[in-house]
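These are the residues of each chain, in order.
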Amino acid sequence: MQKFLRSERLPLHLMLLPSLAILAVYSYWPMAGIMIAFEKYIPTKGLFGSPWVGLRNFKYLFYLPDTQRVIINTLSIASMKIVAGLIVPIVIALLLNEVRKSMFKRAFQTLVYLPHFLSWVILGGILIDLLSPSNGLVNQALGVFGIQPIFFLGDNNWFQFILVSSDVWKEFGFNTIVYLAALTGINPTLYEAASIDGANRLRQAWHVTMPGIMPIAILMVTLSIGNVLNAGFDQIFNLYSTPVYESGDIIDTLVYRLGILQAQYGLATAVGLLKSTVSLILIACSYFLAYRFANYRIF
Amino acid sequence: MVSHTSISRKIFVVCNYTFLMALSLLCVLPLVHIFAVSLSSGAAASAGVVKLWPVDFTTAAYENIFNKPQYFTAFWVSVKRVLLGTSINLLLTITAAYPLSKDSSYFRARTVYVWIFVITILFSGGLIPWFMTVKATGLMDTIWALILPSAVPVFNVILLLNFFRSLPKELEESARMDGAGHMMILWKFYVPLSLPALATITLFSMVGHWNSWFDGLILMNNPDNYPMQTFLQTIIISKDPRFLSAQEAELLLNMSDRTSNAAQIYVAALPILLVYPFLQRFFVKGIVMGSVKE
Amino acid sequence: MKMRLLKMGLSIVLVSALGFMTACSGNSSNQQQGESSAPTENKEAAPADPMAKYDPPIELTTVRSVSNIKFDEGETIDKNAVYDAYEKDLGIKIKNSWVSDKYGEKLKISIASNDIPDFFRVSASELQQLQEADMIADLTDIFDKYATQKTKEWFNLDGGRQLSTATFDNRLMAIPGTDNPYNSSSYLWIRKDWLEKLGLPKPQTMQDVIKIADEFVKQDPGGTGKTYAFALNSSYINNGAFDLQGFFNGYHAYPGIWVKDASGKLMYGTIMPEMKQALKQLQDMYKAGMFDPEFAVKDADKENELVVAGKIGIAYGAFWQSIWPLQTAAVQNGKLAQDWEAYPIVSIDDKPAKTATDIGVGSYFVVSKKAKHPEAVIKIINKWIEVQTNLTDANKVYMFGKSGVDKSALLWKINPTVFFAQDENLPAGRLLPKAIEAKDPSLLGTNPEINSRYKRVEKYLAGDLTMWNEWAMSKPGGSFAIMDQYDREKRYQVNEFYGTLTPAMLEMQGILEEKTRETFTKIIMNKVSVDEFDKFVEEWKKLGGEQMTNEANEWYATVKK
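All of the points below concern the structure found in this document.

1. With respect to the overall build of chain C
Stage number 1. For chain C, the helix and strand inventory stands at 21 helices and 17 strands.
Stage number 2. The globule rule puts the C-alpha radius of gyration for 561 residues at 24 Å, and the 24 Å found for chain C is close to it.
Stage number 3. Taking the principal axes of the C-alpha coordinates as reference, chain C spans close to 75 × 60 × 60 Å.
Stage number 4. Buried positions account for 64% of the 561 residues belonging to chain C.
Stage number 5. A fraction of 76% describes how many contacts in chain C between residues 6 or more apart in sequence connect residues 24 or more apart.
Stage number 6. Entry remark: accessible area of chain C is about 20400 Å², with carbon and sulfur atoms responsible for 51%.

2. What about the overall build of chain A?
Stage number 1. Counting secondary structure elements, chain A contains 15 helices and 0 strands.
Stage number 2. Here chain A has a C-alpha radius of gyration of 24 Å; the compact-globule value for 299 residues is 19 Å, and the former is much larger.
Stage number 3. Taking the principal axes of its C-alpha atoms as reference, chain A extends roughly 80 × 70 × 35 Å.
Stage number 4. Across the 299 residues of chain A, 58% fall into the buried class.
Stage number 5. Across chain A, contacts joining residues at least 24 apart in sequence account for 63% of those joining residues at least 6 apart.
Stage number 6. About 13100 Å² of surface is accessible on chain A, with carbon and sulfur atoms providing 68% of the total.
Stage number 7. In chain A, 20 side chains carry a positive charge and 14 a negative one; their mean positions are 10 Å apart.

3. Side note on the interface of chain A and chain B
Stage number 1. Each partner contributes to the interface: chain A provides 80 residues, whereas chain B provides 86 residues.
Stage number 2. Taking both sides of the interface into account, the surface hidden between chain A and chain B amounts to around 7700 Å²; carbon and sulfur atoms contribute 76%.
Stage number 3. Taken as a group, Met 15, Tyr 26 and Phe 299 of chain A account for 11% of the area that chain A buries against chain B, more than any other trio of residues on that side.
Stage number 4. Linking chain A with chain B are 1 salt bridge.
Stage number 5. One salt bridge connects Glu 98 of chain A with Arg 9 of chain B, and the closest N-O pair in it is separated by 3.2 Å.
Stage number 6. The interface formed by chain A and chain B contains 8 residue pairs in polar contact (both at pLDDT 80 or more).
Stage number 7. The leading source of residues in the side of chain A that touches chain B is helix α2 (residues 10-31) of chain A, at 17 residues.
Stage number 8. Looking at the side of chain A that touches chain B residue by residue, the classes come out as 55 nonpolar, 16 polar and 9 charged.

4. Let's talk about the packing of aromatic side chains
Stage number 1. Applying the stated criterion across every chain yields a total of 49 aromatic pairs over all chains.
Stage number 2. Pairing Tyr 71 of chain B with Phe 231 of chain B gives two aromatic rings, centres 6.3 Å apart and planes at 55°, and the pair type is tilted. Of this pair, Tyr 71 of chain B sits in helix α4 (residues 69-101) while Phe 231 of chain B sits in helix α12 (residues 228-233), and the two are 160 residues apart along the sequence.
Stage number 3. Judged by its relative accessible area of 8%, Tyr 71 of chain B falls in the buried class.
Stage number 4. Residue class for Phe 231 of chain B comes out buried when judged on its relative accessible area of 4%.
Stage number 5. Within the aromatic cluster, the residues linked to one another by ring pairs are Trp 258, Tyr 268, Phe 497, Tyr 498, Trp 540, Trp 555 and Tyr 556 of chain C.
Stage number 6. The ring centre of Tyr 106 of chain B lies 4.4 Å from the NZ or CZ of Arg 9 of chain A, which sits over that ring.

5. Side note on the sheet that holds strand β16 (residues 364-367) of chain C
Residue and element names in this part refer to chain C.
Stage number 1. Strands sit in the order β3-β16-β6 across an open sheet of 3 strands; the sheet is antiparallel. Single-partner strands in this sheet number two, and they are β3 (119-122) and β6 (175-176).
Stage number 2. Of the strands in this sheet, β3 and β16 touch helix α4 (residues 124-132), which is tilted by about 130° from β3.

6. Structural notes on the pattern of salt bridges
Stage number 1. Going through the model one piece at a time under the given rule, you end up with 40 salt bridges over all chains.
Stage number 2. Note that Asp 252 of chain A is salt-bridged to Lys 275 of chain A, the shortest N-O span being 2.7 Å. On the criterion of sequence distance, the pair formed by Asp 252 of chain A in helix α14 (residues 251-257) and Lys 275 of chain A in helix α15 (residues 265-294) is long-range, its members being 23 residues apart.
Stage number 3. Across the pair Asp 484 of chain C and Arg 430 of chain C runs a salt bridge whose closest N-O atoms are separated by 3.6 Å.

7. A word on the sheet that holds strand β11 (residues 312-317) of chain C
Residues and elements named next belong to chain C.
Stage number 1. Taken together, 4 strands build an open sheet; the order of strands is β8-β11-β7-β14 and the sheet is mixed. With one partner strand each, in any of the chains shown, β8 (228-230) and β14 (340-343) form the two edges of the open sheet. Pairs of neighbouring strands in the sheet enclose a mean axial angle of 20°, with direction left out of account.
Stage number 2. Note: strand β7 (residues 187-191) against β11, 4 bridges, orientation antiparallel. Of the residues in β11, the one forming a bridge with Trp 189 is Ala 315.
Stage number 3. Sitting on the sheet, helix α19 (residues 479-488) is in contact with β7 and β14, with an inclination near 145° to β7.

8. Considerations on the pairing of β3 of chain C
All names here are of chain C.
Stage number 1. Residues Phe 119 and Arg 121 of β3 are buried on one face, and the alternating residues Phe 120 and Val 122, pointing to the opposite face, are buried as well.
Stage number 2. Pairing of β3 with β16, which is carried by 4 bridges, proceeds in the antiparallel orientation. What sits directly across from Phe 120, in β16, is Val 366.

9. Observations concerning the side chain of Thr 269 of chain A
Stage number 1. Counting through the fold element by element, Thr 269 of chain A comes out in helix α15.
Stage number 2. Under the relative-accessibility criterion, Thr 269 of chain A is labelled buried at 12%.
Stage number 3. Those residues in contact with Thr 269 of chain A, other than ones at most four positions away along the chain, are Gly 33, Ile 34, Ile 36 and Ala 37 of chain A together with Gly 125 of chain B.

10. Brief notes about the packing of helix α9 (residues 159-184) of chain A against helix α11 (residues 201-225) of chain A
All names here are of chain A.
Stage number 1. In contact at an axis separation of 9 Å, α9 and α11 are set at 135° when each is read in the N-to-C sense. Taken together, the axis directions place α9 and α11 in an arrangement best described as oblique. With respect to the hand of their crossing, α9 and α11 are arranged in right-handed fashion. In this structure, α9 uses Phe 174, Asn 175, Val 178, Tyr 179, Ala 182 and Leu 183 to contact α11, whose residues at the interface are Thr 209, Ile 213, Ile 216, Ala 217 and Met 220.
Stage number 2. Here the contact of α9 with α11 is composed, by residue class, of 9 nonpolar, 2 polar and no charged.

11. Quick word on helix α20 (residues 503-524) of chain C
For an α-helix the count is 3.6 residues per turn, leaving residues at separations of three or four pointing the same way.
Residue and element names in this part refer to chain C.
Stage number 1. Compared with the 32 Å implied by 1.5 Å per residue over 22 residues, the 32 Å span of α20 between its first and last C-alpha is a close match.
Stage number 2. The principal kink in α20, of about 50°, is found at Gln 509.
Stage number 3. Asn 526 sits one or two positions beyond α20 and adopts a positive phi of about 60°.

Conventions used here
- Residues numbered from 1 in each chain as written.
- Chains lettered and ligands numbered in written order.
- Predicted model: local features only at pLDDT ≥ 70, side-chain atom pairs only at ≥ 80, totals over all residues.
- Heavy atoms only, no water.
- Helix = DSSP H or I, 4+ residues; strand = E, 2+ residues; numbered from the N terminus.
- Rg over C-alpha atoms; globule rule 2.2 N^0.38 Å.
- Buried < 20%, exposed > 50% of the residue type's maximum accessible area, 1.4 Å probe, protein only.
- Contact = heavy atoms within 4.5 Å.
- Areas by Shrake-Rupley, 256 points an atom, 1.4 Å probe, with all protein chains shown as cover.
- Lys, Arg positive; Asp, Glu negative; His and termini not counted.
- Charge placed at Lys NZ, Arg CZ, Asp CG, Glu CD.
- Buried area = accessible area lost by both parts, 1.4 Å probe.
- Salt bridge = Lys/Arg side-chain N within 4 Å of Asp/Glu carboxyl O.
- Polar contact = N/O pair within 3.5 Å; in protein donor to acceptor, adjacent residues only side chain to side chain.
- Nonpolar A, V, L, I, M, F, W, Y, C, P; charged D, E, K, R; others polar.
- Phe/Tyr/Trp six-rings, centres within 6.5 Å; stacked < 30°, edge-to-face > 60°.
- Lys NZ or Arg CZ within 6 Å of the ring centre and 35° of its normal.
- Pairing = 2+ DSSP bridges.
- Axes fitted to C-alpha atoms, helices over the stretch in contact; angles between N-to-C directions.
- Parallel < 35°, antiparallel > 145°, perpendicular 65-115°, else oblique.
- Left-handed = near helix turned anticlockwise from the far one by under 90°.
- Expected span 1.5 Å × (residues − 1).
- Bend = angle between axes of the 7 residues up to and from the residue.

So, in structure tokens, the structure goes:
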């Protein structure tokens, strides 16, 4: 014990103490609520007094009609968003890095962060107008090239694409900031060395910049994998409609529509638990894969 | 860095600028449109005729917000929350990220600790247990209810720990050889070198606090304690179409949900937009340059 | 912020969804309003004086929403003239545990954390929940003992149906927030200026309506190049605005409510064979390009853009459709641009079309089992009823606040329990058109709401076009007049099920409604053939509809004579 108290590491443990305390009280203590997924929760009986029903809530979830459809959609939409959400900001961060004028850089960063502040309620309305087959701007532009109007928001072939691109548009500003911050952290002497060795900008980007932001990129992807089962309820809720349920219905929208969550705490918690477990598995896998193959610890 | 301004380079620069400008325009136009809607009459907004310029100019939507005395109390609550909350977030993020950024060969417990942090963003007992916990700790109707439960932003911790890891190891070694303890190393060396990352997580933290409305709703029983966003959520005109009352119908005519929503966005986002350019100053290249002897 | 999403998203998404559901029902429960019928005299003294004042005063807690109330200077929902009046007259101090305009979300949390006030307003499903969790008090005896005669009459005007919806196993567990069931009736709104322009007569039959729709589309009287037949939106089955309930009723189909079948048993209107014919007609019209192809993606507001632009001339909807969404279409730039008129719905054959209506209860008032003075709530209710049936100088404060004058400030909403008459708005139909024609407001009686409607009509006739919506409802031949006409001609199809929600209904109704909407939309948009309807009926029964029907009939057997 003496050894511990005098060890070099003690300050490290102490530094973590306040955070751990907060997490213990506000994250771990409420986690006991996961029990609700296995109970028929009655407010007056509370957490420990409500009757135990085992896996019945989970069985109910799987018996719902369309369960398979929504799971596939959820995974498909979410993975596309993760991939696009990775590539686009990195490319933009790289392009922005090539810009000399810092005024331009700053202006750009401020402007592209703006869509993040719009809610999907508002954006939904804008998109419906833009993509309207009768007088939306996009179709009008297509018409100039002689292409027939496409009902984007009503067509199962296009709907997921619209979801992913509009989401990227809304959020890439945020991610670009992160990657830019990482880029500024790359040691400039590395660029000098590469340049002296005869590498042009493109090769420099490939050999210096990319490895430099790789850690952050892997991190961002891993964390978004944990999010994969969410797929964006807010967005889809404001954009979807009956004709595109086949491609657009995700777990959360189905659950919402069916009014299942109304006071059925057990079901709501069960859905949450399922999602959490899948996220955990995915994140753990990415962590170990990155460790094994790239000798890199994501966190 | 020497670069030859070849033809291909010139072309690239021009294309790059053009592309980036077009992209920023794409991001700004919708906001211009929304701003125009917020200053248009309800009728025009409902008819969908507002494009980039207000139609039937009226400030009714904004008046509806600013006329309410709660606007100012809510604004003040949000300011307090952002200042207090962000500072606490920053403090906890820094003190947590540093130990976690150490290698596990040096600090064996770190892997366990890190998973303890990560699990909290994956699993949750749900809203009700969380609510009851906050209530049990006596935070209802206080500013601390908006700060303490979310005091540890795990995502930011992970970001910062990665950044710390990327700092040269020689830094710490040379400081250690000079007899510095961990606290000193953290505050005297790591923090000053991490300004870009710190600026980033500060921004995220501020935006997070500013935009959050749901916790304000359920943890405050007295609407006078609402933060800004919660207050904005509640000014929506009750637009249940079962308008039996002749009187309520009059309310609808001057405002529609659209102008109201549009004004809300601006009222809510403006402060952040004003602060953000100042934080940009910290995204400066090459801070690490020359701090370590080769 | 991303992390917020990850961490809270799991709970917030779920809970926001939870919140949405109750916000929808919570909001609808906020729209109630004061009405009264002809004045009569006061309560009688029953053996246990129902209006006895508490001395010393007692405290009663509740929770509130304040939407749209324009408080007097210096007053709030916590401190105001109305609450003071309750304390003065009844010795009851009302205290608000919390106040929020996101009432539904907050209530959900309160219930789930077992922290409910003495009495509060809930939706039908929340009532169910509370009843199951055994958190509310049995009001059967209390109501019997403490409700005044006037109150009992008020609640039984419809024969006790609305009370039934709150009665579990013969025990009254809540007081229904009564309202006029006929408010959910449907009307056929058409642009009269277009009818006149094209020389078309008023519609008397469904065939007329289809012909009118045809002509509108063909001749494009709006001159926009593309005119559509009906105004629709994504909630077209039963929404009140731009829906098709009135259309379906014209085929004697009643989706969404329970009706008697040929054998006298209950069946759910959605699966009636008559629906198929109506759907086929809609499908044909869609195929012919007569509907906005994007209707399924739009809400009524968005669809209204087309109406405002002069592309649509027919819109089935509720009596209040002139307020919203049609006001913004009718009056543009200070001029009457579109002359919309309401007509009674029409039928496909020689049987008159009946308009479907729902029970008319939007919310319930429950009393917590832990409340120390449950009967105090009945007294508060008695007070409201007293004010409604006999407005005097002494009790004006309950309606108009301390000034006692009607300032259109919605101050009556401050009352913690609010009820509308079960035949509300019928008097409007009976009295307003006559008074307007005779230009004689004395014919209206003393009801404040009817009188304020009359004043609005006067303003319209004097040139104030913002009052057009009132004119369209209150004028001779307006929607109120038609509401009265439906009543006289016995053209109301009521919802024959007025019990409490059965287990199957609770579990499956949401899912079934969704399946219904999905299938019907596919049929209308011609993505599947109309024979899909038969398959749908079978699936509906299997998914739980059969069970719902059996349970409904079990209940029905207990109420039939």
